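Take a look at the letters that make up each chain.
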Amino acid sequence: MLNIITGDVLKTICQCLVVPVCEDKLLHVDPAVAALVDKAFKIKEFHGKKDTFLLLYDVDGVKAERVLFAGLGPHASLNAEAFRILAGKSVKKGIQNELSDMALVMPDADAAGLPAEPLASALLEGAFLGNHVFDAYKTEKTRKPLKRLSLFTDSQAAEALAGLPGRVEIICRGTLLAREWVSMPSNDKTPDRLVRSFVRAAEKEDLSFTILDEKSLKQNGMGGILAVGAGSRCKPRLLVLDYNPYQNQKTAGVKQTVALVGKGVTFDAGGISLKPAAHMEEMKSDMAGAAAVTATLITLARLEHHFRVVGVIPVAENMPSGDAVRPGDIIKTYSGRTVEITNTDAEGRLLLADAMAYAVKMFKPDILIDLATLTGACVVALGEKIAGVFSKDPALAGEIVAAGDATGERCWAMPMPDDYKTLLKSEFADTNNVSDTRHGGAITGALFLADFAQGVRHAHIDIAGPAYAKKGGDYCPPGGTGFGVRLMVEVMGRGKG
Ligand code: BES
Ligand code: ZN
Ligand code: ZN
């Protein structure tokens, strides 16, 4: 699917050449490409402004059937994300025009002001991710993804970047996997079915797994997971995925283990603290953390990652019914800590409390990271495109934020003020699950979780905003975004995990 091509750009045979163009600087050193850009600028309506396109057919001397000039705006605004967006939008145009292949002409790295590898990665990622069509539930499949996406560059760069398309493709396929799980409707992903779907995908890779069903959840004292799932006829599960390269002695050197925990609420109706009807359909996405963790593990296995990563994935459906947990009910979590459930709609933290404590006890990880669509408050604070990172460990938070900058899956470090913990004080149990006030709701959620990390270095990533895009994004169709997969793979690659 993704590949790098080189040679004479004019002789490149494809349906469409895509030429990135800045409004105030030439990005291409290849004289043939420069001449094409010259030609484009002679046309009155094209200036290389951001998000503008010029499509020419039958260009003199060009073998490709079309040339799409894609505007990037001013040079000063260029970064990796600008190239991801450009590639994604170009491929979307290709899908609209029912093309089957495209070749993106890579700008000169110096001229673009980015190192060659991140520049090439960004173009390949944007193209691959923008080529995703989710039509599993459409009777008529009207939009077809392109079959072949190429990056055209000079022979020297082509050699240096030879391994890149394969790696980018593996990582982006992980993102697509997560997207499809998130976009799937809740009637097709009851906890049992979702876990089986996760396992089916994981089994094909070098991953081992364990599933705790309702009975073993009870035996293990997982009061949090059981409370969330109590109202649904579809009973909860805990899935553990284990990627362990040490087992096969593939790796020598320092051994470390990272545990990833992902919130898997297959539908969040709110329970007895029922949500309002408006937009409730979007709550099918409340398992985006679980999808991201599963897809990350699968991706790491495919990449033959060098240290152990375990995924602990609690999955439940939060429904109101005669069996549902009530406001005021007190439960005992896996760690022994009791929780008064003052709002049944703050269910994610109950699932995560058990899963985190289990991850710590069973795997003694060096680092624990949870991904969760945890709070509407985080969406109010940071909007729909930026995730909140909550950690008492500034180095870990810094790594995650840096990985977000590198991947375009943006993260922002939020405070963890100890004194806010009093907002969670319960008269009857060790803690309440929510604070009395809505103010600072994302922070009190994170503070609640931190107590279940049992002293292990921990970061909580609230992905309630960026996990789902109702209208789609520049390189994403409407629905699940797969947010977190590229981010986590990047964090792991930085070695700090
Ligand atoms: N799943 C929601 C959070 C959410 C909101 C995710 C919007 C995606 C988009 C979560 O379980 C929830 O309902 N949280 C409550 C917490 C409150 C009761 C303290 C919320 O955000 O209102
Ligand atoms: Zn909820
Ligand atoms: Zn929820």
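Just so you know, these numbers come straight off a predicted model, no measurement behind them.

## Focus: the sheet that holds strand 6 (residues 148-152)
Reading across from one edge, 1-6-5-2-4-3 is the order of the six strands in this open sheet, with mixed pairing throughout. Edge positions in the sheet fall to strand 1 (2-5) and strand 3 (53-57), since each has one partner strand and no second. The mean inter-strand angle of the sheet, taken between neighbouring strand axes irrespective of direction, is 25°. In this sheet, strand 6 lies alongside strand 5 (residues 101-105) in parallel orientation, the contact comprising five bridges. From the neighbouring strand, methionine 102 faces strand 6, where its bridge partner is leucine 149.

## Observations concerning the site of ligand 1
Taken together, 14 residues sit near ligand 1, with Lys275, Asp286, Asp345, Glu347 and Gly376 positioned nearest. At 2.9 Å from an oxygen atom of ligand 1 is found a side-chain nitrogen or oxygen belonging to aspartate 268. Glycine 376 places a main-chain nitrogen or oxygen 2.6 Å from an oxygen atom of ligand 1. Protein contact buries 76% of the 510 Å² of open area that ligand 1 shows by itself.

## Side note on the coordination of the zinc ion (ligand 3)
For the zinc ion (ligand 3), the full set of protein donor atoms is Lys263 (NZ), Asp268 (OD), Asp286 (OD) and Glu347 (OE), at a range of 2.0 to 2.4 Å. Every donor counted, the six donor atoms about the zinc ion (ligand 3) form angles of 78 to 173° at the centre, which fits octahedral coordination. Going along the chain, you hit the donors of the zinc ion (ligand 3) in the pattern K-x4-D-x17-D-x60-E. A separation of 3.2 Å is found between the zinc ion (ligand 3) and the zinc ion (ligand 2), which are bridged by aspartate 268. A residue pair is termed long-range when its members are at least 10 positions apart, and aspartate 286 in the loop between strand 10 (264-268) and helix 10 (288-302) and glutamate 347 in the loop between strand 13 (338-340) and helix 11 (348-363) qualify at 61 residues. On the basis of relative accessibility, which here comes to 3%, the residue aspartate 286 falls in the buried class. Judged by relative accessible area, glutamate 347 falls into the buried class, the value being 1%.

## Section: the coordination of the zinc ion (ligand 2)
Bound to the zinc ion (ligand 2) are the protein donor atoms Asp268 (OD), Asp345 (O), Asp345 (OD) and Glu347 (OE), situated 2.0 to 2.2 Å from the metal. Between the donor residues of the zinc ion (ligand 2), the gaps in sequence give the motif D-x76-D-x1-E.

Basis of the calculations
Residues numbered from 1 in each chain as written. Chains lettered and ligands numbered in written order. Predicted model: local features only at pLDDT ≥ 70, side-chain atom pairs only at ≥ 80, totals over all residues. Heavy atoms only, no water. Pairing = 2+ DSSP bridges. Helix = DSSP H or I, 4+ residues; strand = E, 2+ residues; numbered from the N terminus. Axes fitted to C-alpha atoms, helices over the stretch in contact; angles between N-to-C directions. Near = heavy atom within 4 Å. Polar contact = N/O pair within 3.5 Å; in protein donor to acceptor, adjacent residues only side chain to side chain. Areas by Shrake-Rupley, 256 points an atom, 1.4 Å probe, with all protein chains shown as cover. Donors = N, O, S within 2.8 Å, 3.2 Å for Na, K, Ca; no water. Tetrahedral: all angles 85-135°; square planar, octahedral: opposite > 155°, others 65-115°. Buried < 20%, exposed > 50% of the residue type's maximum accessible area, 1.4 Å probe, protein only.

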